[in-house]
Each structure stands twice: as structure tokens, then as C-alpha cells.
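Working through the structure, step by step
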Amino acid sequence: MKLIDLHADTITAMYYDNTNWQVEQEFILEKPILNLDKNNLHIDLDKLKQADSLAQFFVCWLNLKACEKYNITAWDLFVKQYNALQNELNKYPEQIQFVRNIEEMNKAHQNNKISAFTCIEEGACIDNLDKLVIAKQMGVKYITIVWNYESHIAVPAAVNQAIGLKKFGFDMVEEMQNLDILVDVSHLSDEGVRDILSIAKKPIIASHSNARALCSHRRNLTDELIPQIANNGGVIGVNCYPSFLDDNESIIKINNMVRHVRHIYNLAGENTIAIGNDFDGFHSKQPQLDEIKHIGDMPKLKDALLNDGFTYQQVEKFFSKNVLRILI
Ligand SMILES: [Zn+2]
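What this report covers is the structure whose coordinates are included nearby. What you see is a predicted model; the values in this text were computed from it and never measured.

Here the focus is the pairing of strand 8 (residues 235-238). Residues of strand 8 alternate between two faces, with V235 and G237 on one and I236 and V238 on the opposite face, all of them buried. Relative to strand 8, strand 7 (residues 205-206) runs parallel, the two sharing two bridges. Residue pairing across strands places A206 opposite I236, the latter belonging to strand 8. Remark: the strand 7/helix 9 (residues 225-231)/strand 8 crossover connection has right-handed handedness. With three bridges connecting them, strand 8 and strand 9 (residues 273-275) associate as parallel partners. Considered in strand 9, the bridge of I236 is made with I273.

Here it is as C-alpha cells:
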């Protein structure tokens, strides 16, 4: 069963020593320590093949504190990461290909290649709307409106759930939808998600978020918002970051992922669920105990969902078809 995973920080993770992960190290981006073909991360080419990957979203993650520290603008950091992704993909032209749209993805698939999409996690690199046009030309498929810091766009869940979009944020969301760049509400405050839903004319996404009713992490989505995202025609990428799965568990348990899928399904139906694992965006405390150790283990989630009573057609929607419905 083909898989589209909406969110992975693999490119970031290739550039620093992941045995000594510190905020300060994030992103000097001179030379990758690891390669994409084979590595000890959650994602490499072998593991993507094992996962029967149709397309992988590789995030350009912009840490505003690191930008400050290294005296680089968020936009310039985005361009650096984008180029780093291209350089890496260009090493394996027979196996994986950068794509900007569904047509290019289908062509890559016909040639037996995995597709790589890109996106931006931290909208603050957009300081004027013209930059959105450039991002669109570069093939950016979605922008996560905020990460964990407040910006000129909005307030994240990490700061205050009751304050949402700022004036520029409303303009930016409108222009993103005009350009068909998907609006990603993961990391955004509850009020920010409401603000976006109040003006959205097209489907939005939560690229990597679970259900707050099952795990109280502030980044998870409330039972109020999940059906509203469904009404908007959007999708929610279920995440396997242990802190988002269970308040009392530090390892990835497959039945916890199934619980979140079932909960979102009960509130929002079969057309809303997608996969957005956040691979390489977290470090497992006891990786040897994780039931999903990397993306190559995703067929285990498929089997568990089928065993839980979902039909093959439903799981296919979760694994790729719901994303394909909203992707242009
Ligand atoms: Zn994230």
C-alpha cells in the first residue's frame, strides 16, 4: 500500500550530530554528516522503499532562535535548506526525485522513483506576500504558519492558545490559498486554527498533529477543531512522536497510533486522516522499544489498522488518497 508521509525533518537531522542534539547546533548547514541513501535516522532511501513510499514531504524547518544566533534571515535559512535538499536528492536520481505537483509525482512514479515534496515549517520567513510567489515557484507545497515562537503572523500553541492570527497572518493565509500553497495549522494556537477556518476557502492541513482528548500535549487538536477541519475538507496527519501519543508513555506504541486514528475517524470520518509522522523531528528515549522504529515499519501500522476493523479502502485513504485529494 502506497504511503505519503506529510512531515519529516530528515534534512535538518542530516546536518548535525544526532547523538548530541542541542538547539544551538541546529543549522549551520555547511556539509551533511549523514546521507539520504543509508543512515541511522528514521528516513533513508532503503526505509522509504520498505514503506512503499509514493511521496515524502521533506520539511525546511526554520528555527528563529538559530537564525538570530547565526545572524541569518529566516528566508535565507529556508533557501539554504532548500538547496541542501536539492543537493541531496540529486545524488540519487535513479531512486528519488524532487517534484512540485501531482503531474510530476505521477511521472516520477511511472519511472519507479519516489517523489520528494518540500514545505516550510515556520511561516516567519514570509515577510511580504511576494515571497509566497517565489516559494510557490520553488515548489513549496505547504507552509506551517508558525513553529513554537510568536511571529508577525500568529501566536503558536506553545505561547498562548487564546490568541490567534495577526493582520499579516490573515493576508498571508488568503494569498497562500490563492496560490494553492496549503496552509498547515500544526503548532498554531487553538484560536489561530479558528481564525484560519473562519476565512479558509480551500482545505487546510494539520501536517503532524494528534488528538488532545487522548494525549494532552498542547500541540494536539481539540475535539472542537477536528470536525471543523473535516468540514473544511482538510486533512490531519497523525504523528508518531511519543509525546503526542500518550501522556504516560515514552515509546512509540502502534496501538496508540491506532487509538488516535480511531478517535479522529469517529469525530471526522474517513476523509480527514493522513500520516505525518514527524520522523527525524524527535529523538526516542528508548528506540529499541519503539514498535515503529522508522518509516520502513509503516506497513505494521497498516496491518494494525486493518486488524482494528478499518477497511483496506479506508486505510488506503489514510496512507495516501486523502492527501492526493487536496494536493495540486
Ligand atoms: Zn513540528
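Now for the nonpolar core. Membership of the largest hydrophobic core comes to 101 residues, with the highest contact counts inside it found for L62, I120, V183, I226, I236 and I264. Not counting residues up to four positions away in its chain, the partners in contact with I120 are C60, L62, F78, C125, A135, V140, I143 and T144.

To continue, consider the environment of Y82. Relative to the assigned elements, Y82 resides in helix 4 (residues 74-90). Residue classification places Y82 among the buried residues on the basis of 20 C-beta atoms within 10 Å. The spacing of Y82 and C60 is 22 residues in sequence and 6.5 Å in space, taken between C-alpha atoms.

Before going further, it helps to examine the packing of helix 11 (residues 254-268) against helix 12 (residues 298-307). Relative placement of two packed helices is described by the angle separating their axes and the distance separating the axes. At a minimum axis separation of 10 Å, helix 11 and helix 12 run at an interaxial angle of 60 degrees. When the axis of helix 11 is compared with that of helix 12, the two are oblique. Two packed elements cross with a definite hand, and for helix 11 against helix 12 that hand is right-handed. Side by side, helix 11 and helix 12 meet where I254, N255, M257, V258 and V261 of the first sit next to K300, L301, A304 and L305 of the second. Among the residues forming the contact of helix 11 with helix 12, the class breakdown is seven nonpolar, one polar and one charged.

Now for unusual backbone geometry. What is expected of a backbone is that most residues other than glycine have negative phi and most peptide bonds are trans. Here the phi dihedral of N71 falls at roughly 55 degrees; this positive angle occurs in a residue that is not glycine. In the Ramachandran plot, H187 falls in the positive-phi region, its phi being about 80 degrees despite a non-glycine side chain. For H187, a count of 25 C-beta atoms within 10 Å gives the class buried.

Here the focus is the packing of helix 6 (residues 130-138) against helix 7 (residues 167-179). Running from N to C, helix 6 and helix 7 cross one another at 35 degrees; their axes reach a closest spacing of 10 Å. Crossing angle aside, the handedness with which helix 6 passes helix 7 is right-handed. Mapping the contact onto sequence places L132, V133 and K136 in helix 6 and E175, M176 and L179 in helix 7. Residues of the contact of helix 6 with helix 7, tallied by class, amount to four nonpolar, no polar and two charged.

Next up on the list: helix 12. Along an α-helix, residues three or four apart share an orientation, since each turn contains 3.6 residues. Residues of helix 12 that are buried: M298, L301, K302 and L305. In a view along the axis of helix 12, the buried residues occupy a sector of 105 degrees, so they form one face of it. On its buried side, helix 12 packs onto strand 1 (3-8), helix 11 and helix 13 (312-326). Two residues or fewer after helix 12 comes G309, characterised by a positive phi angle close to 110 degrees.

To continue, consider the environment of K49. Mapped onto the elements of the fold, K49 is located in helix 2 (residues 45-50). Given 14 C-beta atoms within a 10 Å radius, K49 is considered partly exposed. Distance in space between the C-alpha atoms of K49 and Q95 is 9.3 Å, their sequence separation being 46 residues.

Another point: the pairing of strand 5 (residues 140-144). Burial runs high along strand 5: five of the five residues are buried. Across three bridges, the pairing between strand 4 (residues 114-121) and strand 5 is parallel. Counted as the bridge partner of I120 is I143 from strand 5. Between the parallel elements strand 4 and strand 5, the chain passes through helix 6 in a crossover that is right-handed. Note that strand 5 and strand 6 (residues 182-184) share three bridges and pair parallel. The residue of strand 6 that forms the bridge with Y142 is L182. Taken together, strand 5, helix 7 and strand 6 form a β-α-β motif whose crossover is right-handed.

Reading the values: the criteria
- Residues numbered from 1 in each chain as written.
- Predicted model: local features only at pLDDT ≥ 70, side-chain atom pairs only at ≥ 80, totals over all residues.
- Buried ≥ 20, exposed ≤ 12 C-beta atoms within 10 Å, placed from the backbone.
- Helix = DSSP H or I, 4+ residues; strand = E, 2+ residues; numbered from the N terminus.
- Pairing = 2+ DSSP bridges.
- Right-handed = clockwise from strand over helix to strand, strands pointing away.
- Core = buried A, V, L, I, M, F, W, Y, C linked by C-beta atoms within 7 Å.
- Contact = placed C-beta atoms within 7 Å.
- Axes fitted to C-alpha atoms, helices over the stretch in contact; angles between N-to-C directions.
- Parallel < 35°, antiparallel > 145°, perpendicular 65-115°, else oblique.
- Left-handed = near helix turned anticlockwise from the far one by under 90°.
- Nonpolar A, V, L, I, M, F, W, Y, C, P; charged D, E, K, R; others polar.
- Arc of directions from axis to C-beta.

Remember, this is a structural readout, not a statement about activity or role.
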